[in-house]
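# Residue-level structural notes
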Amino acid sequence: MSTEYSFFLGCIMPNRYPAIESTTRFVLDKLGIEVKEMEKAGCCPAPGVFRSFNKPDWMVAAARNIAIAESNGADILTVCNGCFGTLFEVNHALKHDDELKKKVNARLKDLGYHVEASGEVKHIAQVLGFDIGPTEIRDYIKREVALTGVIHYGCHFLRPFTLKQIDDPEDPTILEDYFIDGLGIELLDYRRKHACCGAGGGVRAAHIEASMDMLYEKMAAVKQVPAQALLDICPFCHLQFDGGQQTLNKQRGTDFDIPIIHISQITAFAMGMDDIGMKYQATAPDFKLEGRPL
Amino acid sequence: MSKKEDTKKKPRIGVFVCHCGENIAAMVDVKSVAEYARTLPNVEFSTDYMFMCSKQGIQLIQDAVKEHNLDRTVVASCSHEQHWPTFAKAISDLGMNPHMHTQVNIREWDSWVTDDREAATAKAKRMVAAGVARAAQKEEVGTEKLPITKRSMVIGGGVAGLRAAMDLAELGIPVVLVEKETSIGGHMTMLNKTFPTDECPMCTLSPLLNGVMSHPNIEVLTLSEVTNLEGSMGNFEVEVTTKPRYVHDNCTSCGRCAEVCPVEVKNEWDHGFGMRKAAYKPFPQALPSVFTIDMRHCIDCGSCVIACPVEAIDFSMKKEKRTFKVGTIVVATGYEEYDPTEITAYHYEHPDVITQMQAERMFSPTTLTKGKIVRPSNGQVPKTVVVVQCVGSRNDQVGNEYCTGVCCMYGIKNSRFIKEHLPDTEVFFCYIDIRTPGLHYEEYYKRAQKTGIRFIRGRPSSIEPDPLSDKLIVDVEDTLTHTPYEIMADLVILSAGMVPPKGFGKLGGKLGLLRAKEGFAKEYHIKMGPVKSSRDGIFLAGAIQGPKDITQSVGHAGGAASAAAQPLVRGYLEKRMDTAVIDKDLCTSCMACIATCPIGAIVVGEAGQPVVNDAACKSCGACVPACPTGAIQIRNFRDRQLNAEVSALLSAAKAGGSNE
């Protein structure tokens with residue numbers, strides 16, 4: 001594991017959920033990982049929509065971000081499945097295709113950048129759940145989290161498996177191991193656990209009705225079990241679950257009220273941070289996490 | 001004296017250019033090639049003809065040989081492999097040595113791979129020039145009759161192996177049948193019914209089983225594996241290792257040992273649906289009808305020894321190695337059912353997710369459920385069953401691109417069986433395509449449709465245990481109606497494909513067999529040699545050559561037996577001697593050739609020098625460049641013969657102004 005990372009912020013986190021950013025910085029600090037800022041970093045750009053319409057430009061824009069991280073001399077860290085999807089995939093493609101790298105660099109030259117794809121792209125859930133792992137994280141936490149929750153993996157964290165090889169995307173356990181063994185959380189299985197949140201791939205922007213149908217099915221399945229909160233690893237899923245529950249309540253008369261907590265937030269809480277920004281969220285702003293002594 | 005004169009005599013060569021219909025003539029100006037041939041040295045006659053391989057074409061060659069007193073022929077047509085034997089026979093019928101014929105391949109190597117008529121014609125001329133030069137240098141090679149051992153070995157005692165053993169034995173050939181399990185019969189004995197007639201497999205198989213066991217020409221070795229092989233076609237020496245059964249043949253199969261045995265374990269034969277003792281017979285009709293002591297689980301209590309009324313149990317039995325001399329070998333090691341564990345989205349570890357082979361056992365009356373269809377997790381009758389096709393076949397993700405070909409039929413068979421026994425149970429059949437080729441198969445499918453089975457065209461994306469109940473959630477889209485389904489299933493049956501048996505690599509290596517990329521043993525030719533293996537004298541029967549149903553396996557095995565019997569019935573091996581030959585004066589006995597020969601055809605002779613086993617030599621030529629003194633040469637592929645061919649090719653290219 002690296003002791004320093006270029007921190008890629010992305011779009012949703014700094015604009016909608018700054019608490020995810022502050023808790024991530026808190027967690028990295030506690031772990032002794034140095035954060036290097038990425039000057040002039042742009043949009044990742046989103047792996048679903050942008051790539052589908054214009055793959056070459058998508059690659060160049062992503063490569064520019066990778067080039068910025070490389071000039072820091074540190075691997076990239078993301079806290080978002082979407083950013084992870086794009087940056088990982090482009091980095092991988094550049095690593096294994098010299099022709100492509102030449103073409104991309106020819107276009108980056110005008111912008112004053114050069115990409116080598118010599119580094120790695122990592123997701124915070126991978127750093128916490130695998131690089132540090134559920135056993136070692138206990139050296140850093142101050143309390144266990146007294147919570148019965150459910151989890152949501154999201155899309156680009158584990159797929160495509162042949163490239164990422166983090167965990168089996170059909171039946172993963174990396175987050176369960178981390179939350180249960182590492183943070184002391186009790187997890188419940190629920191129907192549609194591995195179903196999509198309904199936001200990605202431009203669905204939320206283009207087909208809000210379909211997006212809300214998917215969210216409804218997912219949240220209805222969550223409500224069937226006595227979970228106190230839903231844990232996720234991606235700000236876009238976070239936005240869909242947090243804001244979407246309110247949309248559903250307004251438009252369809254449902255009474256969803258499940259607090260949504262990002263892996264950085266809950267890890268920061270376990271490390272001793274009391275205010276993890278729940279009060280800024282749309283759903284269950286009054287929710288308070290309970291600690292349990294180690 | 002006279003021999004030397006013969007070789008110095010000026011050759012008289014005839015060149016025959018074939019049109020092969022349009023195959024060659026459309027791209028090559030055959031007339032100009034024939035005319036060109038006449039200008040080449042030693043050519044006395046040349047012509048072209050539509051089909052040289054036809055009766056008339058052969059007659060034309062024979063007439064020309066007689067009329068022009070030719071002593072060598074060159075036919076420019078297709079490959080050596082395809083028609084050299086045809087034309088060699090044509091001249092040998094006239095009393096000439098067949099090796100005086102030379103084949104030039106202007107089809108596969110020229111007309112079929114070129115789209116420029118002028119270039120193709122020029123190339124054909126160069127090739128004919130080279131062929132003529134080679135023909136002039138050719139030597140007469142004899143054919144030897146080699147003695148063989150009139151006995152065959154069949155490896156694998158499933159339905160294919162049994163059929164092959166029986167067919168060989170009925171031709172009067174002594175057969176050794178080697179089976180690694182305790183009993184013969186293989187997968188067929190595990191089945192509940194067979195399609196398309198819904199017959200009882202044991203009823204149809206047992207005459208063959210009993211016939212093989214009691215046939216005077218067949219020696220059955222169970223608990224046995226082939227552990228080494230030496231020699232070549234006609235004279236193999238096979239080492240067979242037999243594991244101890246710890247029960248002598250005087251066992252009367254009374255079963256007292258099993259009654260008193262305190263150890264109960266899962267019966268492999270029942271795939272999780274039956275138990276057995278450490279003293280056991282895997283199924284009631286098992287042959288040989290002798291119990292076996294499973295030493296891995298035996299606790300050495302001695303109860304069985306005391307209980308046995310005929311004192312058949314003997315713990316002092318040891319592993320035995322025996323060597324058999326056989327002329328031919330039939331490999332019939334069958335297949336294995338694909339293990340779906342790696343498709344994690346299907347949760348095969350769940351007790352209510354089973355394979356078709358497990359379903360066959362559950363439906364059989366001799367296992368734990370006594371033939372009742374139940375959910376293994378709780379013993380209750382399933383109300384909803386989902387059958388999933390193409391598990392581990394037609395699946396790039398697990399590396400099995402091929403279609404197993406039999407799963408549609410057995411999947412339909414078992415779906416029907418459930419529907420007939422439990423009419424109120426919903427049966428969903430999820431498939432990619434229904435493949436029912438062959439007589440009575442499509443009819444079988446149509447009858448199944450009428451029983452109310454719900455056929456869904458779609459491969460389930462996941463089969464997950466429901467966290468809120470004891471059901472399984474099957475997610476599948478009906479791609480004909482674009483309807484997503486979420487089926488709450490009580491029982492899921494996976495139609496797992498057929499894969500090569502584990503451990504075949506070891507046996508295949510010992511036998512020196514080539515394997516296809518899918519892992520099955522590679523046949524010699526997919527159309528014309530489906531029962532021949534890559535090695536002379538070893539034949540393939542049944543599913544080891546590729547997935548097959550019982551009908552196909554039995555037919556294939558019959559073919560293998562007939563092919564394996566041919567040399568043994570004839571009584572000798574005819575071997576063309578265009579093999580490697582060692583010049584004793586040049587040989588320094590460095591043994592480099594022995595190290596190079598890929599099939600072990602060169603051995604150390606009595607005087608300590610390398611000797612070629614003519615029967616085994618495949619004339620591949622690997623030994624030739626390995627020899628530091630040029631002592632080893634292949635007859636008719638000697639350096640001087642190849643040099644003549646290459647020189648002629650180059651000078652023809654030069655003369656034709658070719659820049660190649």
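As shown above, the structure is provided for reference.
Values in this document were obtained by computation on a predicted structure and should not be read as measured data.

### Looking at the overall build of chain A
On a plain count of helices and strands, chain A comes out with 13 helices and 10 strands. A compact globule built from 294 residues would reach a C-alpha radius of gyration of about 19 Å, and chain A, at 19 Å, matches this within 12%. Each principal axis of the C-alpha atoms in chain A carries an extent, and together these give about 55 × 45 × 35 Å. A burial count over chain A gives 54% of its 294 residues as buried. Within chain A, counting contacts between residues at least 6 apart in sequence, those at least 24 apart form 76% of the total.

### Here we look at the sheet that holds strand 22 (residues 462–465) of chain B
Residue and element names in this part refer to chain B. Here we have three strands laid out as an open sheet, ordered 22-23-24, and antiparallel in their pairing. Edge positions in the sheet fall to strand 22 and strand 24 (483–489), since each of these pairs with one other strand and no more. With strand direction ignored, the average angle separating the axes of adjacent strands in the sheet is 20°. Pairing of strand 23 (residues 472–478) with strand 24, which is carried by seven bridges, proceeds in the antiparallel orientation.

### Observations concerning the state of the cysteines
Residues and elements named next belong to chain B. What the rule picks out here adds up to one disulfide over all chains. Note that C200 is cross-linked by a disulfide to C203, the S-S spacing being 2.5 Å. One disulfide, between C200 and C203, carries an S-S torsion of 85° and so falls in the right-handed class. No disulfide involves C587; its sulfur sits 6.4 Å from that of C593, the nearest cysteine. Overall, C587 belongs to the partly exposed group, its relative accessible area being 22%. Free of any disulfide, C627 has its nearest cysteine sulfur in C590, 6.2 Å distant.

### What about the pairing of strand 6 (residues 148–151) of chain A?
All names here are of chain A. Because side chains alternate across strand 6, one face comprises the buried residues T148 and V150, and the other comprises G149 and I151, equally buried. In terms of strand pairing, strand 6 meets strand 7 (residues 186–187) through two bridges, oriented parallel. Its bridge partner being in strand 7, T148 is matched across the sheet by E186. Where strand 6 lies against strand 8 (residues 229–232), three bridges are found, and the strand directions are parallel. If you follow I151 over to strand 8, its bridge partner there is L231.

### Re the environment of S92 of chain B
Residue and element names in this part refer to chain B. Its location among the elements puts S92 in helix 5 (residues 80–92). The class of S92 is partly exposed, set by a relative accessible area of 29%. Separated by 468 residues in sequence, S92 and A560 have C-alpha atoms that sit 30 Å apart.

### Focus: the layout of surface pockets
Picture a little ball the size of a water molecule; that probe, rolled over the atoms, points out where space is still empty. Residues and elements named next belong to chain B. By volume, the second largest pocket amounts to about 1,800 Å³. Contributing to the lining of the second largest pocket are 43 residues, with E81, Y524, K532, D536 and R576 lying nearest its centre. When grouped by side-chain class, the residues that make up the lining of the second largest pocket number 17 nonpolar, 14 polar and 12 charged.

### Observations concerning the packing of helix 7 (residues 159–170) of chain B against helix 8 (residues 201–214) of chain B
Axis angle and axis distance: for two packed helices, these are the angle between their axes and the distance between the axes, and together they describe the pair. Residue and element names in this part refer to chain B. For the pair helix 7 and helix 8, interaxial distance at closest approach is 10 Å and the crossing angle is 55°. Regarding the angle of helix 7 to helix 8, the classification is oblique. Of the two possible hands of crossing, helix 7 and helix 8 adopt the one that is left-handed. Listed contacts from helix 8 to V159, L162, R163 and M166 of helix 7 are L205, L208, L209, G211 and V212. Residues belonging to the contact of helix 7 with helix 8 are distributed by class as follows: seven nonpolar, one polar and one charged.

### Brief notes about helix 5 (residues 81–96) of chain A
Residues and elements named next belong to chain A. Its 16 residues give helix 5 an end-to-end C-alpha distance of 22 Å, which sits within 8% of 22 Å, the value for a rise of 1.5 Å per residue. The buried count for helix 5 comes to 12 of 16 residues, which makes it a mostly enclosed element. Among all positions in helix 5, only N81, G82, C83, F84, G85, T86, L87, F88, V90, N91, A93 and L94 are buried. In this structure, the buried residues of helix 5 make contact with helix 4 (55–72), strand 3 (75–78), helix 6 (98–111), strand 4 (121–123), helix 7 (124–136) and helix 8 (161–164).

### Considerations on the pattern of salt bridges
Scanning all chains against the criterion turns up 53 salt bridges over all chains. The shortest N-O distance in the salt bridge between E21 of chain A and R25 of chain A comes to 3.1 Å. Of this pair, E21 of chain A and R25 of chain A are both found in helix 2 (residues 18–30), four residues apart, which corresponds to roughly one turn of the helix. A relative accessible area of 15% means that E21 of chain A is categorised as buried. The residue R276 of chain B makes a salt bridge to D294 of chain B at a minimum N-O spacing of 3.0 Å. Note that R276 of chain B is positioned in strand 12 (residues 275–277) and D294 of chain B in the loop between strand 14 (292–293) and helix 10 (303–307), a separation of 18 residues in sequence. A single salt-bridge network, built from bridges that share partners, covers D352, R375, D470, K471 and D490 of chain B.

### A few points about the interface of chain B and chain A
Taken together, the contacts link 12 residues of chain B with 10 residues of chain A. Here chain B and chain A share an interface that buries about 800 Å² over both sides, 54% of which is from carbon and sulfur atoms. Its largest share of buried area at the contact with chain A, chain B owes to T344, P467 and L468 of chain B, together 50% of the area lost on that side. A salt bridge links R192 of chain A to E486 of chain B; the nearest nitrogen and oxygen atoms lie 2.9 Å apart. Applying the counting criterion to the chain B and chain A interface returns three residue pairs in polar contact (both at pLDDT 80 or more).

### What about unusual backbone geometry?
Cis geometry marks the peptide bond from R159 of chain A to P160 of chain A, where omega comes out at -5°. If you trace the backbone, P160 of chain A turns up in the loop between strand 6 and helix 8. Of note, the amide linkage connecting L287 of chain B to P288 of chain B takes the cis form, showing an omega dihedral of -5°. Residue H482 of chain B is not a glycine yet carries a positive backbone phi of 55°. The class for H482 of chain B is exposed, based on a relative accessible area of 63%. Even without being a glycine, S589 of chain B presents a positive backbone phi close to 55°. Along the chain, the position of S589 of chain B falls in the loop between strand 29 (580–582) and helix 16 (592–596).

### Focus on the side chain of N192 of chain B
Positionally, N192 of chain B belongs in the loop between strand 7 (175–178) and helix 8. Setting aside chain neighbours within four positions, we find N192 of chain B in contact with E199, C200, P201, E360, F363, S364, P365 and F417 of chain B.

### Re the packing of aromatic side chains
Residues and elements named next belong to chain B. Summed over all chains, the structure comprises 14 aromatic pairs over all chains. Between the aromatic rings of Y246 and F315, the centroid separation amounts to 6.4 Å while the plane-to-plane angle is 70°, which identifies the pairing as edge-to-face. Placement of Y246 in the loop between strand 10 (235–242) and helix 9 (256–260) and of F315 in the loop between helix 10 and strand 15 (320–326) is noted, with a sequence separation of 69 residues between them. Relative to F417, the ring of F363 has its centre 4.9 Å away and its plane inclined at 25°; by these criteria the two rings are stacked. Here the residue F363 occupies a position in helix 11 (residues 356–363), and F417 occupies one in helix 12 (residues 407–421), the gap between them amounting to 54 residues. A single burial state applies to F363 and to F417, both of which are buried.

### Some details on helix 13 (residues 263–270) of chain A
Residues and elements named next belong to chain A. Where burial is concerned, most of helix 13 is hidden: eight out of the eight residues are buried. Regarding helix 13, the residues found buried are I263, S264, Q265, I266, T267, A268, F269 and A270. A positive backbone phi angle near 115° is found at G272, which sits one or two residues after helix 13.

### Description of empty space enclosed by the protein
Residues and elements named next belong to chain B. Evaluated as defined, the whole model comprises four cavities of 30 Å³ or more. Taken as a whole, the largest cavity holds about 100 Å³ of empty space. Every residue lining the largest cavity is counted, 14 residues in all, and those nearest its centre are C587, C590, C593, P610 and C627.

### What about the environment of G327 of chain B?
Residues and elements named next belong to chain B. Note that G327 resides in the loop between strand 15 and strand 16 (328–331). Expressed as a C-alpha distance, the spacing of G327 and L568, which sit 241 residues apart in the sequence, is 6.8 Å. Aside from chain neighbours lying at most four places away, what touches G327 is T149, R151, M233, G234, N235, F236 and L568.

The rules we used
Residues numbered from 1 in each chain as written. Chains lettered and ligands numbered in written order. Predicted model: local features only at pLDDT ≥ 70, side-chain atom pairs only at ≥ 80, totals over all residues. Heavy atoms only, no water. Helix = DSSP H or I, 4+ residues; strand = E, 2+ residues; numbered from the N terminus. Rg over C-alpha atoms; globule rule 2.2 N^0.38 Å. Buried < 20%, exposed > 50% of the residue type's maximum accessible area, 1.4 Å probe, protein only. Contact = heavy atoms within 4.5 Å. Pairing = 2+ DSSP bridges. Axes fitted to C-alpha atoms, helices over the stretch in contact; angles between N-to-C directions. Disulfide = S-S within 2.5 Å. 1 Å grid on protein atoms, 1.4 Å probe; cavity = no way out; pocket = protein on both sides within 12 Å on 5 of 7 lines; lining within 4 Å. Points joined across faces, edges and corners; volume = space filled by probe spheres on them. Nonpolar A, V, L, I, M, F, W, Y, C, P; charged D, E, K, R; others polar. Parallel < 35°, antiparallel > 145°, perpendicular 65-115°, else oblique. Left-handed = near helix turned anticlockwise from the far one by under 90°. Expected span 1.5 Å × (residues − 1). Salt bridge = Lys/Arg side-chain N within 4 Å of Asp/Glu carboxyl O. Buried area = accessible area lost by both parts, 1.4 Å probe. Polar contact = N/O pair within 3.5 Å; in protein donor to acceptor, adjacent residues only side chain to side chain. Phe/Tyr/Trp six-rings, centres within 6.5 Å; stacked < 30°, edge-to-face > 60°.

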